[in-house]
Amino acid sequence: MSIQSPQEWDGMSRISRIVAETLFRMQAFARPGMTTGDLDAFGAQQLKAYGARSAPAQDYRFPGSTCISINHQAAHGIPSPSTVLKEGDLVNIDVSAEKDGYYGDNGASFILGRDLRGLQGLVDASRTILMGAINQIRAGQRISETGRFIERQARLLGYTTIRNLTGHGIGHKLHEEPHEIPNYYDRSNRQRFMKNTAVAIETFISTGAREVTEQADGWTLSTRDGSFVAQHEHTIVVTQGKPVILTLENGIT
């Protein structure tokens, strides 16, 4: 989506703050012994209080209000009353929602309680690489250069990137052009970031795997080899200078 008016800026800013606040509150609410279904229900209450609707549920009939992925699951984990969160789990929450025809998307991975598996470095790498990639994006820059940066930084830290999960354009739909903003360098991708375009930039940083596979539930994407994956995501607006990160700040105004 190319943002052209104050109304569009306001719409995108508001829904982005809503998903950011919902994600922040869900992270704070999560506890060992809680089910992912409980955590999702809490997130659903937050979205409803803001008058927003879950994008995956509304647009894709996803069986949950938010995506909650655990440990070897990289994305699209289905919240369940039978999945109990445990101390030391690597938890990813991805919140995407719609309000007044505008969409926002925000995600983050974190260690629940004590870091029993030594995965905090992976989480920190995902977050740091995402911010580094975002801060380098400019109007006119090739999308492939963002993938090159993410892949290179992950490699320097001893990690890999997931190649079949990507960032995407966003605005009046959850997924818009550009439909793929990869985490690796794809020399065949000649698309460029356009000024005033809203996009969701995501990192999928792995301890080994380079791809994920769909599980029997038809949604959850997991590594085959048991690798752990950390994801972080922000909705941004591309400018001639540093991008505007719409999901960076919490709080609704």
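Check the entry above for the structure.
Residues numbered from 1 in each chain as written. Predicted model: local features only at pLDDT ≥ 70, side-chain atom pairs only at ≥ 80, totals over all residues. Heavy atoms only, no water.

1. Some details on the environment of Ser 82
Structurally, Ser 82 is set in the loop between strand S3 (73-75) and strand S4 (90-99). Considered as a pair, Ser 82 and Val 199 are 117 residues apart in the sequence and their alpha carbons are 34 Å apart. Among the polar contacts listed, one links the side chain of Ser 82 to the side chain of Ser 80, at a separation of 2.8 Å. (Helix = DSSP H or I, 4+ residues; strand = E, 2+ residues; numbered from the N terminus. Polar contact = N/O pair within 3.5 Å; in protein donor to acceptor, adjacent residues only side chain to side chain.)

2. Here's the deal with the packing of helix H4 (residues 120-136) against helix H5 (residues 143-156)
Where H4 meets H5, the closest approach of the two axes is 10 Å, and the angle between their N-to-C directions is 150°. As summarised for this structure, H4 and H5 are arranged roughly antiparallel, according to the angle between their axes. The chirality of how H4 crosses H5 is right-handed. Between H4 and H5, the residues in contact are Ile 129, Gly 132, Ala 133 and Gln 136 and Thr 146, Phe 149, Ile 150, Gln 153 and Ala 154, respectively. When the residues that make up the contact of H4 with H5 are grouped by side-chain class, the tally is 5 nonpolar, 4 polar and no charged. (Axes fitted to C-alpha atoms, helices over the stretch in contact; angles between N-to-C directions. Parallel < 35°, antiparallel > 145°, perpendicular 65-115°, else oblique. Left-handed = near helix turned anticlockwise from the far one by under 90°. Contact = heavy atoms within 4.5 Å. Nonpolar A, V, L, I, M, F, W, Y, C, P; charged D, E, K, R; others polar.)

3. Focus on the pairing of strand S9 (residues 198-206)
Most of S9 sits inside the fold, with 9 of its 9 residues counted as buried. Side chains Ala 198, Ala 200, Glu 202, Phe 204 and Ser 206 of S9 all project onto a buried face; the interleaved residues Val 199, Ile 201, Thr 203 and Ile 205 project onto the opposite face, where all are buried too. Of the pairings in the sheet, the one linking strand S6 (residues 160-161) to S9 comprises 2 bridges and is antiparallel in character. Counterpart to Thr 160 in the pairing with S9 is Ser 206. Sheet analysis places strand S7 (residues 167-169) next to S9, joined by 2 bridges and oriented antiparallel. Across the sheet, residue Gly 169 finds its bridge partner in S9, namely Val 199. Here S9 pairs with strand S12 (residues 229-237) via 9 bridges, running antiparallel. Bridging from a neighbouring strand, Thr 203 pairs with His 232 of S12. (Buried < 20%, exposed > 50% of the residue type's maximum accessible area, 1.4 Å probe, protein only. Pairing = 2+ DSSP bridges.)

4. So, the sheet that holds strand S10 (residues 213-214)
Overall, antiparallel pairing links the 3 strands, which are arranged S3-S11-S10 in an open sheet. Single-partner strands in this sheet number two, and they are S3 and S10. As judged from the 2 bridges shared by S10 and strand S11 (residues 221-222), these two strands associate in the antiparallel manner. Bridge pairing in S11 places Thr 213 opposite Ser 222.

5. A look at the packing of aromatic side chains
According to the stated counting rule, one finds 2 aromatic pairs in the structure shown. Note on Phe 29 and Phe 42: the rings are 4.0 Å apart at their centroids and 5° apart in plane angle, and the pair reads as stacked. Linking Phe 29 in helix H1 (residues 6-29) with Phe 42 in helix H2 (residues 36-49), this pair joins segments that are 13 residues apart in sequence. You can call Phe 29 partly exposed: its relative accessible area is 33%. Residue Phe 42 is classed as buried on the basis of its relative accessible area of 16%. Relative to Trp 219, the ring of Phe 62 lies with its centre 5.1 Å away and its plane at 90°, an arrangement referred to as edge-to-face. Residue Phe 62 is found in the loop between helix H3 (55-60) and strand S2 (67-70), and its partner Trp 219 is found in the loop between S10 and S11; the two are separated by 157 residues along the sequence. Above the face of the Tyr 185 ring, Arg 148 is positioned so that its terminal group lies 3.9 Å from the ring centre. In this structure, Arg 163 is placed above the aromatic ring of Tyr 184, and the distance from its NZ or CZ to the ring centre is 4.2 Å. (Phe/Tyr/Trp six-rings, centres within 6.5 Å; stacked < 30°, edge-to-face > 60°. Lys NZ or Arg CZ within 6 Å of the ring centre and 35° of its normal.)

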